[in-house]
Amino acid sequence: MTPEFSRPERLDTIGGEPRIVEIAADAEERRRLAGRFGLIAIDRLAATFTIHRDATGIRADGRVVAGVTQACSVTGDPLPATVDEKVALRFVAAGDATEDEVELGEDALDTIEIEGGAIDLGEAAAETLMLALDPFPRQPRAAEALRAAGVVAEDQAGPFSALASLKDKLGKR
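Presented here is a report on the structure given in the accompanying data block. Along each chain, numbering runs from 1 in the same order as the chain's sequence is written. Local features in this predicted model are restricted to residues whose pLDDT is 70 or higher, and side-chain atom pairs enter the listing and the counts only when it is 80 or higher, whereas totals over whole chains, interfaces and linings include all residues. With hydrogens and water stripped out, all remaining heavy atoms of the structure feed into the side-chain values.

### Re the nonpolar core
- Think of a nonpolar core as a cluster: buried Ala, Val, Leu, Ile, Met, Phe, Trp, Tyr and Cys residues, connected wherever their side-chain atoms sit within 4.5 Å. For every residue, the accessible area obtained with a 1.4 Å probe (protein chains only) is divided by the maximum for its type, and the residue is called buried under 20%, exposed over 50%, and partly exposed between those limits. Counting residues in hydrophobic clusters, the biggest one holds 32 residues, and the most contacted among them are Leu 45, Phe 49, Phe 91 and Leu 121.
- Mapped by element, the contributors of at least two residues to this core are strand 2 (19-24), helix 1 (27-37), strand 3 (41-54), strand 4 (57-71), strand 5 (78-92) and helix 2 (121-132). Numbering of helices and strands runs from the N terminus; a helix is a DSSP stretch of H or I covering at least four residues, while a strand is a stretch of E covering at least two.

### Remarks on the pairing of strand 3
- Where strand 2 and strand 3 come together, six bridges link them in antiparallel fashion. Note on strand 3: the bridge partner recorded for Ile 20 is Thr 50.
- The criterion for strand pairing is that DSSP finds at least two bridges linking the strands in question. By the bridge criterion, 13 bridges tie strand 3 to strand 4 in an arrangement that is antiparallel. Bridging across to strand 4, Thr 48 finds its partner in Arg 63.
- Taken together, strand 3 and the strand that follows it, strand 4, pair antiparallel across an intervening segment of two residues.

### Details of helix 2
- Under the convention used throughout, the expected extent of a helix is 1.5 Å for every residue step, that is, one less than its residue count. When the terminal C-alpha atoms of helix 2 are compared, their 16 Å separation across 12 residues agrees well with the 16 Å that a helix rising 1.5 Å per residue should span.
- For helix 2, the complete set of buried residues consists of Leu 121, Gly 122, Glu 123, Ala 124, Ala 125, Ala 126, Thr 128 and Leu 129.

### Focus: the environment of Ala 94
- Here Ala 94 is to be found in the loop between strand 5 and strand 6 (110-113).
- Note: C-alpha distance between Ala 94 and Glu 115 (21 residues apart in sequence) is 7.1 Å.
- The contact criterion used throughout is that any non-hydrogen atoms of two residues lie within 4.5 Å. Sequence-distant contacts of Ala 94, defined by excluding residues within four places in its chain, comprise Glu 113 and Ile 114.

### Some thoughts on the sheet that holds strand 3
- Spatial ordering of the open sheet is given by 2-3-4-5-6, a layout of five strands whose pairing is mixed. The sheet is open, and its two edges are formed by strand 2 and strand 6, each paired on a single side. Along the sheet, successive strands turn relative to each other by an average axial angle of 25 degrees, direction set aside.
- Across four bridges, the pairing between strand 5 and strand 6 is parallel. A fitted line through C-alpha atoms serves as each axis, taken over the contacting stretch for helices, and the angle formed by two N-to-C directions is quoted from 0 to 180°.

### Some words on the pattern of salt bridges
- The salt bridge definition used is simple: a Lys or Arg side-chain nitrogen within 4 Å of an Asp or Glu carboxyl oxygen. If you walk through the whole model with that rule in mind, you get nine salt bridges.
- Linking Arg 36 and Glu 123 is a salt bridge whose minimum nitrogen-to-oxygen distance equals 2.7 Å. Highlighted residues: Arg 36 in helix 1 and Glu 123 in helix 2, separated in sequence by 87 residues.
- Relative accessible area serves as the criterion here: at 13%, Glu 123 is assigned to the buried category.
- Residues Arg 59 and Asp 61 are paired through a salt bridge, measuring 2.9 Å at the closest nitrogen-oxygen approach.
- For Asp 61, a relative accessible area of 23% puts it in the partly exposed group.

Here's what the structure looks like:
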């Protein structure tokens, strides 16, 4: 299945010298991605990558920028969000990606297995966008809407709230 925003770079065109690749999603691609990711809209999605081949695979460094409209997780109201995310990826041959759990440092790269004869920078940008977004966005009125619906805040629920109320009662004596 071809992703909604596919920008393949053939492996035989990627050499050892860094090359800049700029991509942008058109209106139809953004509409389809918004549907896939459960967003109200994606107004802009673009990325710039510097790609080159090294001893361990293909390295892609760059930046993904986007403007989206999410639904507030409480009210459902439209909530604009922007993304400006640095990207550091390593594309490796199938079977070369490690399955072992490793501790990642600041300079660690996300590893993606190469499928077929190309790397897909469009799908990499789309996935970066989705991972950069707040999974539970809330607008400023969200707390008010929750209170009006009778939902108590985390600090007012559970065993610690019971201890706090007990402390208040003991303090009044």
